[in-house]
Amino acid sequence: MQFQLTGQQIEVTPALRAHATSRLDRLTRLDEKCTGLSMVLSLDKLQHCADATLTTNGAALHAAACGADMYASIDMVFDKLAAQLRRHRDKITDKHPQEARDARQFG
């Protein structure tokens, strides 16, 4: 998976990059078909914001979070992306495989 981390009005330190890449493993465990993640860290007055766009097979998932701490904002973004990825994965999986097989057999 390609991972792009940029900063707007903030320098991306190695500690921030390491924290984001450690959280990235959680998303790849949920779905192996993730192709890329683009994350932008920004600083607006006292708000530390993180915006992320995750591209998967057939969808682009976006999440944003702001908080008083950049590390907490990154954690909130990854939590939101994980929830969206679970919903997306559940939506595209076939929930009734046995009924679909029976319909093809008798139809």
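Cut-off values and rules
- Residues numbered from 1 in each chain as written.
- Predicted model: local features only at pLDDT ≥ 70, side-chain atom pairs only at ≥ 80, totals over all residues.
- Heavy atoms only, no water.
- Helix = DSSP H or I, 4+ residues; strand = E, 2+ residues; numbered from the N terminus.
- Contact = heavy atoms within 4.5 Å.
- Areas by Shrake-Rupley, 256 points an atom, 1.4 Å probe, with all protein chains shown as cover.
- Buried < 20%, exposed > 50% of the residue type's maximum accessible area, 1.4 Å probe, protein only.

Visitor: Help me out: how do you make sense of the overall build of the chain in this one?
Guide: Helix and strand counts for the chain stand at three helices and four strands. Reading the secondary structure of the chain in the N-to-C direction produces β-α-β-β-β-α-α. Summarising the internal contacts of the chain: among those between residues at least 6 apart in sequence, 49% fall at separations of at least 24. Accessible surface, the chain as shown: approximately 6800 Å² in total, 52% of it carbon and sulfur.

Visitor: Mind showing me how you'd approach unusual backbone geometry here?
Guide: Working note: non-glycine residues mostly have negative phi, and peptide bonds are mostly trans. Non-glycine residue Gln9 carries a positive phi angle of around 60°. Tracing the backbone shows Gln9 in the loop between strand E1 (2-8) and helix H1 (14-30). Residue classification places Gln9 among the exposed residues on the basis of a relative accessible area of 69%. Not every positive phi belongs to a glycine, and Lys45 is a case in point at roughly 55°.

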